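Structural description and commentary
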Amino acid sequence: MAFFKKYNGTTNVKLVRMERLIWTLIYGGLLAMVLGYFIDQQEAQDAALFYNLGGLAVVGGVVMVFIRSRLRGE
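Keep in mind that this is a model prediction, so the values were computed, not measured. (Residues numbered from 1 in each chain as written. Predicted model: local features only at pLDDT ≥ 70, side-chain atom pairs only at ≥ 80, totals over all residues. Heavy atoms only, no water.)

**Observations concerning the UniProt feature "transmembrane region" (unreviewed entry) in the chain**
Put simply, the rule is: UniProt positions are given in the numbering used here, feature names are shortened, and annotations may be inferred rather than shown by experiment. Put simply, DSSP H or I for four residues or longer makes a helix, DSSP E for two residues or longer makes a strand, and each gets a number counted from the N terminus.
In this numbering, the UniProt entry assigns the feature "transmembrane region" (unreviewed entry) to residues 21–38 and 50–67. Secondary structure content for residues 21–38 is 100% helix and 0% strand, while the C-alpha to C-alpha distance between its ends is 26 Å. Helix makes up 100% of residues 50–67 and strand 0%, and the two end C-alpha atoms of the span are 25 Å apart.

Okay, structure coming up:
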């Protein structure tokens, strides 16, 4: 008996791509926001760009999680 349940995922290629894009957007956006924080400490002008683009990526990923939850998996 395993501690974690095994997730076999879906066999639908479009849903697999969507799931990969979701987590790439979320983690990439969070990484961009952290980089923006460290750039802001160096008083560079690009920090706001990193904050904004990272925030948009995270919001886009969260919206796609909601959309994915409404789709049927096969």
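Structure's up, so let's keep going.
**Details of the pattern of salt bridges**
Definition in use: For this document, the term salt bridge refers to a Lys or Arg side-chain nitrogen within 4 Å of an Asp or Glu carboxyl oxygen. Burial here depends on accessible area, computed with a 1.4 Å probe over protein chains only, as a share of the maximum for the residue type. Under 20% is buried, over 50% is exposed, and the range in between is partly exposed.
As enumerated under the stated definition, the model contains 1 salt bridge in all. Between Glu 19 and Arg 68 there is a salt bridge, with the nearest N and O atoms lying 3.1 Å from each other. Separated by 49 residues along the polypeptide, Glu 19 in helix α1 (residues 13–41) and Arg 68 in helix α2 (residues 47–70) bring together distant segments of the chain. Note on Arg 68: relative accessible area 15%, which makes it buried.

**What about α1?**
Rules: In a helix, the anticipated span is given by 1.5 Å times the number of residues less one. Whether two residues are in contact is decided by their heavy atoms, any of which lying within 4.5 Å being enough. Residues adjacent in sequence count toward polar contacts only when both atoms are side-chain atoms; beyond that, a polar contact is any pair of N or O atoms within 3.5 Å, and within protein one must be able to donate a hydrogen and the other to accept it.
For α1, which comprises 29 residues, the first-to-last C-alpha distance of 42 Å matches the rise-based estimate of 42 Å (1.5 Å per residue) to within 8%. Taken as a whole, α1 has its buried residues at Leu 15, Met 18, Ile 22, Ile 26, Gly 29, Ala 32 and Gly 36. In this structure, the buried side of α1 is in contact with α2. Regarding α1, its N-cap is Asn 12, as a side-chain oxygen of that residue lies 3.2 Å from the backbone nitrogen of Lys 14 further along. Count one or two residues on from α1 and you reach Glu 43, which has phi positive near 60 degrees.

**A word on the packing of α1 against α2**
Here is the rule we go by: Here an axis means a line fitted to C-alpha atoms, over the contact stretch when the element is a helix, while the angle between two N-to-C directions is reported on a 0 to 180 degree scale. Any angle from 65 to 115 degrees is called roughly perpendicular, while one under 35 is roughly parallel, one over 145 is roughly antiparallel, and all others are oblique. Throughout, a crossing is termed right-handed when the near helix is turned clockwise from the far one, and left-handed when it is turned anticlockwise from it by less than a right angle. Each residue is assigned to one of three groups, with Ala, Val, Leu, Ile, Met, Phe, Trp, Tyr, Cys and Pro labelled nonpolar, Asp, Glu, Lys and Arg labelled charged, and all others, Gly among them, labelled polar.
The geometry of α1 relative to α2 is characterised by a closest axis approach of 7 Å and an angle of 155 degrees between their N-to-C directions. Viewed along their axes, α1 and α2 adopt a mutual orientation that is roughly antiparallel. Between α1 and α2 lies a crossing of left-handed hand. For the contact of α1 with α2, the residue count by class is 21 nonpolar, 6 polar and 3 charged.

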